[in-house]
Amino acid sequence: MADRKRNVGIVIFDGVEVLDFAGPYEVFSVAGEVSDPGAFNVYLIAESKEAVAGRNDFRVVPHHTFAQCPKCDILLIPGGPGTRIEENRPEMVDWVAARAEPAELVLSVCTGARILAKAGLLDGLEATTHWVSIQELKEMAPEARIYDDRRFVDNGKVVTSAGVSAGIDMSLHIVARLC
């Protein structure tokens with residue numbers, strides 16, 4: 001049983017991989033309805049209130065903007081081709097770094113780990129990402145130990161997962177850990 005309701009903020013951006021955010025969204029939402037009612041308040045966050053064009057032009061409207069987002073107990077950064085743009089945008093990297101500090105947990109799915117690396121959040125930790133990006137993540141986070149054979153890596157506060165469906169496994173792991 002969860003000891004309190006946790007805000008789960010999932011960041012979305014143009015080029016986000018749909019299952020990277022939708023899978024964890026569903027896991028935390030359903031867990032908050034079924035297994036532990038009221039355990040999770042899940043919402044999507046983007047830089048603006050405009051619809052975000054995920055992979056293959058899947059459109060979704062965020063609940064909150066960076067500027068007016070409530071506190072995130074759990075901050076989740078999904079991956080997708082858009083991370084290669086977002087990892088170079090100070091608006092994204094600085095916001096994630098600032099919001100990660102007070103968060104209880106910081107999660108990434110797939111290449112969302114690239115944004116965590118740019119924010120300095122993987123230094124001294126173990127991590128994983130999509131197999132295609134393993135070598136690049138090693139270069140981006142030279143102070144981290146990057147695994148190519150794990151679905152997710154739990155460091156306590158920072159938890160990273162490999163590609164797409166591994167984000168669902170990671171989210172189920174976090175629900176089990178907290179509830």
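Structure first, text after, so check above.
Residues numbered from 1 in each chain as written. Predicted model: local features only at pLDDT ≥ 70, side-chain atom pairs only at ≥ 80, totals over all residues. Heavy atoms only, no water.

Next up on the list: the sheet that holds strand S10 (residues 152–154). Taken together, the seven strands give an open sheet; going across it, the order is S5-S2-S1-S6-S7-S11-S10, and neighbouring strands pair in mixed fashion. Here the strands that pair on one side only, and so sit at the sheet edges, are strand S5 (64–65) and S10. As judged from the three bridges shared by S10 and strand S11 (residues 158–161), these two strands associate in the antiparallel manner. In the sheet register, Val-153 faces S11, and the bridge partner there is Thr-160. The sheet contacts of helix H3 (residues 90–100) involve strand S1 (6–11), strand S2 (40–46), strand S6 (74–77) and strand S7 (105–109), and relative to S6 the element is tilted by about 155 degrees. (Pairing = 2+ DSSP bridges. Helix = DSSP H or I, 4+ residues; strand = E, 2+ residues; numbered from the N terminus. Contact = heavy atoms within 4.5 Å. Axes fitted to C-alpha atoms, helices over the stretch in contact; angles between N-to-C directions.)

A few words now on the packing of aromatic side chains. Per the stated rule, a full pass over the model turns up two aromatic pairs. Note on Phe-28 and Phe-40: the rings are 5.1 Å apart at their centroids and 70 degrees apart in plane angle, and the pair reads as edge-to-face. With a gap of 12 residues between them, Phe-28 in helix H1 (residues 18–33) and Phe-40 in strand S2 connect regions that are remote in the sequence. Accessibility assignment for this pair places Phe-28 and Phe-40 in one class, buried. Relative to Trp-95, the ring of Phe-66 lies with its centre 4.3 Å away and its plane at 10 degrees, an arrangement referred to as stacked. Of this pair, Phe-66 sits in the loop between S5 and S6 while Trp-95 sits in helix H3, and the two are 29 residues apart along the sequence. In this structure, Phe-66 and Trp-95 share a single accessibility class: buried. We note Arg-150 situated over the ring of Tyr-147; from NZ or CZ to the ring centre the distance is 3.6 Å. (Phe/Tyr/Trp six-rings, centres within 6.5 Å; stacked < 30°, edge-to-face > 60°. Buried < 20%, exposed > 50% of the residue type's maximum accessible area, 1.4 Å probe, protein only. Lys NZ or Arg CZ within 6 Å of the ring centre and 35° of its normal.)

For the rest of this paragraph, the subject is helix H6 (residues 165–178). Here H6 spans 20 Å end to end across 14 residues, near enough to the 20 Å set by a 1.5 Å rise per residue. Among all positions of H6, only Ala-166, Gly-167, Met-170, Ser-171, Ile-174, Val-175 and Leu-178 are buried. (Expected span 1.5 Å × (residues − 1).)

If you trace the backbone, His-173 turns up in helix H6. For His-173, a relative accessible area of 27% puts it in the partly exposed group. In sequence terms His-173 and Asp-154 are 19 residues apart; their C-alpha atoms lie 9.3 Å from each other. Not counting the four nearest positions on each side in its chain, His-173 is found in contact with Phe-152 and Asp-154. A distance of 2.7 Å separates a polar atom in the side chain of His-173 from a polar atom in the side chain of Asp-154. (Polar contact = N/O pair within 3.5 Å; in protein donor to acceptor, adjacent residues only side chain to side chain.)

The subject of this paragraph is the pairing of S1. For S1, the tally of buried residues reaches six of six residues, placing the bulk of the element in the interior. By the alternation rule, side chains of S1 split into Arg-6, Val-8 and Ile-10 and Asn-7, Gly-9 and Val-11, which are all buried. Two strands pair when backbone bridges link them, and S1 and S2 are joined in this way by six bridges, in the parallel orientation. Its bridge partner being in S2, Gly-9 is matched across the sheet by Tyr-43. Bridge count for S1 against S6 is three bridges, and the pairing is parallel. When the bridges of S6 are listed, Gly-9 appears paired with Leu-75.

Packed helices, taken two at a time, are described by the angle their axes make and the gap between the axes. Relative to each other, H1 and H6 sit at 25 degrees, their axes nearing to 8 Å. Between H1 and H6, the interaxial angle falls into the category roughly parallel. Crossing geometry of H1 relative to H6 is assigned as right-handed. On the side of H1, the interface is formed by Gly-23, Pro-24, Val-27, Phe-28 and Ala-31, while H6 contributes Gly-167, Ile-168, Ser-171, Leu-172, Ile-174 and Val-175. Taken together, the residues of the contact of H1 with H6 sort by class into eight nonpolar, three polar and no charged. (Parallel < 35°, antiparallel > 145°, perpendicular 65-115°, else oblique. Left-handed = near helix turned anticlockwise from the far one by under 90°. Nonpolar A, V, L, I, M, F, W, Y, C, P; charged D, E, K, R; others polar.)

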